[in-house]
Amino acid sequence: NNTHPIYGVGLAPDWIRRLGQMHSSVKMERLRFFPDPSEMEASMAEIARASKASIVRTPYTLFGQRATHVAGVRVRSDTVLFACHDTEKMRPELTDKRFDDPVFHNLPKSSELPAEARNAKGICHSVPAAPEHMQYVLLEKEDGSRTRLMQECHTHSLITEMCHTSELVVIDTDALRTLDAELSKAAGMH
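Residues numbered from 1 in each chain as written. Predicted model: local features only at pLDDT ≥ 70, side-chain atom pairs only at ≥ 80, totals over all residues. Heavy atoms only, no water.

Enquirer: What am I meant to see in the layout of surface pockets here?
Expert: Within this model, the largest pocket holds a volume of roughly 390 Å³. H4, P5, H69, Q151 and C163 are, among the 15 residues lining the largest pocket, the residues nearest its centre. Contributing elements (two or more residues each) for the lining of the largest pocket: strand 1 (3-5), strand 4 (66-75), strand 7 (133-141) and strand 9 (162-165). With three residues, the single largest contributor to the lining of the largest pocket is strand 9. Split into classes, the residues belonging to the lining of the largest pocket amount to six nonpolar, seven polar and two charged. (1 Å grid on protein atoms, 1.4 Å probe; cavity = no way out; pocket = protein on both sides within 12 Å on 5 of 7 lines; lining within 4 Å. Points joined across faces, edges and corners; volume = space filled by probe spheres on them. Helix = DSSP H or I, 4+ residues; strand = E, 2+ residues; numbered from the N terminus. Nonpolar A, V, L, I, M, F, W, Y, C, P; charged D, E, K, R; others polar.)

Quick look at the structure:
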């Protein structure tokens, strides 16, 4: 069965530490923490405006709903400026618990939580280096309606690749147009 809940990622301290590890090891170019989600939103809107980029949002009402994967295309990492997460809106029941479960990790817990992350309510990062990647997917909800979402796929410190839906992604506008066309073609829509 190809039907699964649409989940985000919970930003438990251990996962934030792992993002910090990737950033400090240069596997991830950009990592920013925000004390308030509205600051994150404003900052990403300004970055999108200045870069002439687009913002792809996943409505929070979609998280937790079941959907069937129809098609997906890989997103070139260099086209994504930031993928963002709002820790206040992403309630535990809307997240993929595997990211917080030690059973799914092959590295010990990271020790230091970055100082700027301690009270963060929002976090934005660039796509980590390969094999980490993003994908643009077309999902069909149980009511038959379809939606397009950005997902991040991770392998860093994990025993298997795991993907979760991103709440907000700042992406090159031309790349998004190309992805829309590729996704339509992959789904057999013309």
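Here the narrative resumes.
Enquirer: Any chance you could explain the side chain of T58 here in plain terms?
Expert: Relative to the helices and strands, T58 resides in the loop between strand 3 (53-57) and strand 4. Judged by relative accessible area, which is 4%, T58 ranks as buried. Residues within four places of T58 in sequence aside, it is in contact with F63, L149, T165, S166 and E167. (Buried < 20%, exposed > 50% of the residue type's maximum accessible area, 1.4 Å probe, protein only. Contact = heavy atoms within 4.5 Å.)

Enquirer: How do you make sense of the environment of I47 when you look at a structure like this?
Expert: Counting through the fold element by element, I47 comes out in helix 2 (residues 37-51). Among the residues examined, I47 registers a relative accessible area of 18% and is labelled buried. Look past the residues within four positions of I47 in its chain and what remains in contact with it is R32, L81, F82 and V170.

Enquirer: Whenever I open this one, unusual backbone geometry confuses me. Can you help?
Expert: Only a minority of non-glycine residues have a phi that is not negative, and only a minority of peptide bonds are not trans. If you check the backbone angles, K52 has positive phi at about 55 degrees while not being a glycine. The exposure class assigned to K52 is exposed, which follows from its relative accessible area of 67%.

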